[in-house]
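Fold and contact review
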Amino acid sequence: MLVLCNGMPRSASTWSFNVVVKLLRACAVGEVHGGYDENVGRFLKNSPACARHLVLKYHNEDPVGSRLVQAGAARAIYTRRDPADATVSFMTMFGVDFGRAVAVIADSLRMYRTMADLGQVLALDYAAIMNDPPAAVRHIANHLELPVPSEILAEVAAATGLAATRLKVEELGAIDAGHRLIRRGPSAYDPGTLLNIDHIRDAGIGYGARVLSDAQLQQLHELCHGAGDIGG
């Protein structure tokens, strides 16, 4: 099985990646290999031949990924967040300006629209994930057609929840980045969980509108116009 975990930046796509990996390892037969790469073809080429299940996290529009989803050769999960919250969180996390953050959001939305038109993507809202993690985990299991016992669903929800993730992020800050973490711009991430150092900044909902100007909010609204039920 090939699962593509993408979404708006800072919208819980890393959460969905870890949920999928844990569900497959608990309930599917065969080795599971996961990773991050903005080039789907490169990820597939570099994945170990022994892996029966592949899980890829990426954010930008990729024609190979879209074709695989259209052909039914991949399952896609797209996480969505209030655009203002996602923008401010991305700016803070990677130290970029508003223009750069908006460009990344725009590219991600183009990918979502492509996959949504294909009707082959599970869309999960950040607020729903935060408010009811077990239900969100169940949605993913159903999308992957995995028969997951209720106790496994509960275990995965707890292991990938906000409290557990905070502890994992704290552990990342205490290890030698040169031996384990992969550098990405001003940050670095763990290749196993894809969690960044200081991954969780403000997990709240609605704070972005208090940070951005009216003009910036209007620009986001215009960007998201036509993106289905994505807020803006």
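One can find the structure itself at the top, above this paragraph.
These lines cover the structure that appears in this document, whether it is placed above or below. Since we're looking at a predicted model, the values are computed, not measured. (Residues numbered from 1 in each chain as written. Predicted model: local features only at pLDDT ≥ 70, side-chain atom pairs only at ≥ 80, totals over all residues. Heavy atoms only, no water.)

Quick word on the state of the cysteines
Our working definition: Pairs of cysteine sulfur atoms within 2.5 Å are identified as disulfides in what follows. Exposure classes here rest on a 1.4 Å probe applied to the protein chains alone. A residue is buried below 20% of its type maximum, exposed above 50%, and partly exposed in between.
Within the structure shown, the criterion is met by zero disulfides. Free of any disulfide, C27 has its nearest neighbouring cysteine sulfur in C5, separated by 16 Å. According to the relative accessible area criterion, C27 is partly exposed, its value standing at 24%.

What to know about the nonpolar core
Put simply, the rule reads: In plain words, nonpolar cores are sets of buried Ala, Val, Leu, Ile, Met, Phe, Trp, Tyr and Cys residues tied together by side-chain atoms within 4.5 Å. In this description a helix means any DSSP run of H or I spanning at least four residues, a strand means any run of E spanning at least two, and both kinds are numbered starting from the N terminus.
Counting 31 residues, the largest nonpolar core has W15, V20, L23, V55, V137 and I140 as the members making the most contacts within it. The greatest single-element share of this core, amounting to seven residues, is contributed by helix 1 (residues 13–27). One finds F43, I105, A106 and V121 within the second-largest nonpolar core, a separate group that totals 30 residues.

Remarks on the pairing of strand 1 (residues 2–7)
As a reminder of what qualifies: When DSSP finds two or more bridges between a pair of strands, those strands are recorded as paired.
Along strand 1, six of the six residues are buried, which leaves the element largely enclosed by surrounding structure. Neither face of strand 1 is left uncovered, since the one carrying L2, L4 and N6 and the one carrying V3, C5 and G7 both have all their residues buried. Taken together, the four bridges between strand 1 and strand 3 (residues 51–57) define a ladder with parallel strand orientation. If you follow C5 over to strand 3, its bridge partner there is K57. Direction of pairing for strand 1 relative to strand 4 (residues 75–80): parallel, over a ladder of five bridges. Paired with V3 across the bridge in strand 4 is R75.

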